[in-house]
Amino acid sequence: MRKTAILVAALACLSACGGGDDAPPAASTPAGVIDQLEIVSTVDAYGGATPAGAAGPYSVITAIVHGKLNPKHADNAGIVDLANAPVDAAGYVDYTTDVVILRPKSAATARRVLFYDVVNRGNKAGMATFVGGGALVGGAAPPATFPSLLSNGYTVVWSGWQSAIAQTGNGASASVGVSFPVASNADGSPITGLSREEFIPDYAGGTTIPLSYPPASLTDKSEVTFTARQSWLNNGKEDYAAPSVPVTTWDYVTNADGSYSVSFTPPAAVPGGPGNTSVAPDAGTIYSFVYRASKPVVAGIGFAALRDLISFLRNTSADAKGGANPLNDLKTAACAAGTGCAANPTTNFDLAIGEGISQSGRFMKDFLYQGFNKDANGKKVFEAMMPIISAGRRTWTNARFAQGGRWSKQHEDHFMVGDQFPFAYNVITDPVGGTNDGLLKQCLVTSTCPNIMQVDGAFEWWGGRASLVVSDGAGHDLTLPDNVRYYLISGTRHGGGAGVTTGIVTVPAAGSMCQFATSPVSEAPVERALVPALENWVVKGTLPPASQYPTVASGTLVATGQSAIGFPDLSSVMVPSGAAATPTLSSLAYTGLYNQVFVTDYSNAVPVADLTKEYTVLVPKVDASGNETSGILMPELKVPVATYLGWNLRGTGHAVGAVCSSSGSAIPFAVNAAAKAGGTDSRPTLADLYTGRGDYATKFGAATDALVTQGYLLPLDADNVYKAGAALISPALIPNP
């Protein structure tokens with residue numbers, strides 16, 4: 001109770017002693033406090049059913065955090081515009097966030113491990129990967145075939161952080177959002193500044209651009225720059241100065257919900273088409289709209305809100321208003337180690353693991369990089385972190401006029417804050433830009449570095465510059481710090497697929513956004529297997545499975561040219577398409593396109609890339625079939641029925657030839673030699689590789705078992721995802737039994 005008493009006394013003193021703008025909180029008062037954890041509801045999870053493998057049922061707590069931040073505290077000094085946010089009578093900045101807690105109903109069936117899943121655009125992105133089952137309230141409990149975290153007695157927490165996602169107050173069944181303050185000038189007038197929006201019709205549709213922030217004026221258009229282009233490539237380099245044309249016909253639109261958009265008429269033609277030609281605009285055309293925006297939200301509060309929530313749930317018995325921490329009883333739960341437990345622990349958890357997928361993984365890395373893994377007592381907020389498919393990027397969160405949902409890609413949204421050095425965990429001097437930095441730099445100073453497992457797929461190496469996590473930006477290997485493991489899951493799209501199963505692939509129809517079918521290679525089962533390894537690494541000191549990724553030294557990490565990578569000629573191959581495996585012509589013209597990155601100045605709305613300072617981005621080498629040879633080779637790659645790529649190309653009507661982000665590709669092997677007729681394909685046929693479906697299943701099962709032995713798969717997933725999937729291989733592909 002001592003910590004609670006101190007917080008309550010601090011807030012009471014600030015209020016009684018005359019707060020407000022004239023008497024802001026002193027730097028010695030807490031950086032942040034949970035003023036109130038408002039419990040909205042507590043209900044049985046899954047209708048009261050016990051998740052398979054769990055020792056007992058679970059409860060769902062839906063809550064709202066009412067938090068306060070001290071704008072004068074050193075731990076908050078990096079939060080952009082916090083000093084310009086409104087303050088309460090005590091001089092604190094107020095905010096609220098949604099919170100959802102999935103906990104064992106009884107402490108007797110719990111373990112003292114907190115698993116925090118960073119929400120992705122308000123969604124509980126880790127539910128399908130780590131929890132399983134259906135909706136928390138009223139859905140089915142995780143089944144016996146799924147290795148859920150709940151079988152280990154974990155408490156799982158979600159909370160809002162992204163300023164663009166509105167608080168719902170019902171995070172268990174709706175979006176998990178926030179209500180953060182708007183910064184203003186000292187005289188109360190709105191802060192304004194130039195901001196940039198980017199738009200392609202493929203994702204937003206139509207000819208209306210949603211604006212992240214209100215225009216400073218709906219009538220003054222003098223500062224607006226509105227351009228259209230088909231590509232950012234300018235003489236082979238991605239450059240904001242790539243040829244464009246102005247969009248001259250447009251208007252602001254005030255939407256019914258109070259937000260703003262831009263409605264426009266596309267120009268007749270845009271530059272940057274194939275062969276540097278001008279073409280009619282299409283669904284892949286890039287529109288860039290620079291305008292004077294107003295009323296920036298203090299988006300960086302998201303980092304501090306997470307820091308203070310996890311610290312509160314772990315360490316504090318009551319909020320500042322005296323409301324009890326709903327997890328206090330977990331002091332009596334089984335300790336994380338299982339043996340040698342403290343008789344009277346002072347905290348509710350022994351271990352906190354922070355995990356995030358895609359945007360959420362980038363947020364987790366930014367949280368660490370910007371120094372927020374240190375709590376008010378100087379201890380680690382998270383002892384372990386697992387950023388998933390974050391690649392070499394962070395987020396555009398802690399900035400004026402931030403747009404936290406955006407991330408850099410080869411084609412659309414290429415120039416986005418969060419894509420600059422440092423990329424790696426190592427603290428190094430950037431050989432390209434000259435700065436000394438690293439993702440671990442701040443936590444090394446405060447002794448708050450967690451153990452880290454970063455997991456990426458093949459797409460992240462092509463589309464997210466993941467090589468910069470393990471190399472220095474000039475083409476040289478880095479030795480990972482002792483507290484970091486890195487895993488490439490080869491052949492995957494962004495987030496991985498559902499597995500090969502039948503092996504049937506359908507060539508996309510004309511007019512599809514991507515030219516090739518997406519890669520089905522799975523990824524999530526590896527991530528599930530690594531969580532217990534991460535826990536044991538921290539709690540018991542047991543070393544986890546070795547990092548798996550290509551290196552320059554081994555010759556498996558190479559430049560993107562076709563000869564360097566060893567990519568086969570797939571410009572005219574006949575592939576089995578659809579349920580009948582009909583031989584169909586497929587033409588993949590290898591381009592080597594990847595997401596380039598230069599030292600770029602983002603201090604103004606219009607980015608300026610220094611094209612003389614380019615980072616060396618490398619990619620994994622492939623075998624004669626076009627499949628990657630390094631990283632964690634899933635059974636789909638060890639026993640393939642296709643070439644599986646981390647990249648794809650845009651189709652006609654969608655900026656043809658540019659990278660089709662996130663999807664990856666699957667280029668099937670021909671069924672037999674006769675099915676190759678009409679094309680030229682050096683890859684083996686399925687008949688060359690497998691005598692029958694039984695042979696395929698046996699080989700697939702052996703590859704699966706090897707990954708279990710190595711610690712990259714759990715037995716449940718080996719049986720119910722991989723071996724069960726292999727049994728479904730289509731007779732149209734492998735006719736013999």
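This structure is a prediction, so every number in the text was calculated from the model and none was measured.

Criteria and thresholds
- Residues numbered from 1 in each chain as written.
- Predicted model: local features only at pLDDT ≥ 70, side-chain atom pairs only at ≥ 80, totals over all residues.
- Heavy atoms only, no water.
- Disulfide = S-S within 2.5 Å.
- Buried < 20%, exposed > 50% of the residue type's maximum accessible area, 1.4 Å probe, protein only.
- Pairing = 2+ DSSP bridges.
- Helix = DSSP H or I, 4+ residues; strand = E, 2+ residues; numbered from the N terminus.
- Axes fitted to C-alpha atoms, helices over the stretch in contact; angles between N-to-C directions.
- Salt bridge = Lys/Arg side-chain N within 4 Å of Asp/Glu carboxyl O.
- Core = buried A, V, L, I, M, F, W, Y, C linked by side-chain atoms within 4.5 Å.
- Contact = heavy atoms within 4.5 Å.
- Expected span 1.5 Å × (residues − 1).

## Regarding the state of the cysteines
Overall, the coordinates contain three disulfides when judged by the stated rule. Note that Cys335 is cross-linked by a disulfide to Cys341, the S-S spacing being 1.8 Å. Handedness here is read from the sign of the S-S torsion; for Cys335 and Cys341, about -55 degrees, the answer is left-handed. According to the relative accessible area criterion, Cys341 is partly exposed, its value standing at 38%. Once the bonded cysteines of the chain are numbered in order along the sequence, the disulfide links fall as 1-2, 3-4, 5-6.

## Re the sheet that holds strand E8 (residues 208-210)
Spatially, E8-E14-E13 is the arrangement adopted by the three strands of the open sheet, whose pairing is antiparallel. Whereas interior strands pair on both sides, the edge strands pair on one side only; in this sheet they are E8 and strand E13 (250-254). Each strand of the sheet is rotated relative to its neighbour by a mean of 25 degrees, with strand direction disregarded. As paired elements, E8 and strand E14 (residues 260-264) share three bridges and run antiparallel to each other. Residue pairing across strands places Pro210 opposite Ser261, the latter belonging to E14.

## A short note on the pattern of salt bridges
Applying the stated criterion across every chain yields a total of 26 salt bridges. Between Arg650 and Glu412 there is a salt bridge, and its shortest N-O distance comes to 3.5 Å. Placement of Arg650 in the loop between strand E30 (642-645) and strand E31 (665-668) and of Glu412 in the loop between strand E19 (384-388) and strand E20 (428-429) is noted, with a sequence separation of 238 residues between them. Both residues of the pair, Arg650 and Glu412, count as buried. Measuring nitrogen to oxygen at the nearest pair gives 3.0 Å for the salt bridge that ties Arg683 to Asp681. According to the relative accessible area criterion, Arg683 is buried, its value standing at 1%.

## Quick notes on the nonpolar core
The tendency in soluble globular proteins is for nonpolar side chains to be buried as a group. Ranked by internal contacts, the top residues of the largest apolar core, which has 158 residues, are Leu102, Phe226, Phe289, Phe382 and Tyr696. For this core, the element with the highest residue contribution is helix H4 (residues 301-315), accounting for nine residues. With sequence-adjacent residues up to four places away left out, Phe289 is seen in contact with Ser195, Arg196, Glu197, Ile209, Leu211, Val224, Thr225, Phe226, Trp250, Tyr252 and Val262. Core analysis: the next-biggest nonpolar cluster, separate from the first, contains 27 residues, Phe516, Ile565, Tyr590 and Val617 among them.

## Here's the deal with H4
Across its 15 residues, H4 extends 21 Å between first and last C-alpha, which sits within 8% of the 21 Å expected from 1.5 Å per residue. The element H4 is extensively covered by neighbouring structure, given that 15 of its 15 residues are classed as buried.

## Points about the pairing of strand E7 (residues 192-199)
Counting buried positions along E7 yields six of eight residues, so the element is predominantly enclosed. Pairing geometry for E7 and strand E17 (residues 286-294), over eight bridges, is antiparallel. Residue pairing for E17: Ser195 is matched across the bridge by Tyr291.

## Points about the sheet that holds strand E12 (residues 245-246)
Each strand in a sheet pairs with another by means of backbone hydrogen bonds, the pair being arranged parallel or else antiparallel. Reading across from one edge, E7-E17-E9-E12 is the order of the four strands in this open sheet, with antiparallel pairing throughout. Across the chains shown, the open sheet's two edge strands, defined by having one partner strand only, are E7 and E12. Pairing analysis gives two bridges linking strand E9 (residues 225-229) to E12, with the strands arranged antiparallel. Looking at E12, one finds that Thr227 is bridged to Pro246.

## Notes on the pairing of E30
Neither face of E30 is left uncovered, since the one carrying Ala642 and Tyr644 and the one carrying Thr643 and Leu645 both have all their residues buried. In the sheet, E30 pairs with E31 via four bridges, with the strands oriented antiparallel. From the neighbouring strand, Leu645 faces E31, where its bridge partner is Ser665.

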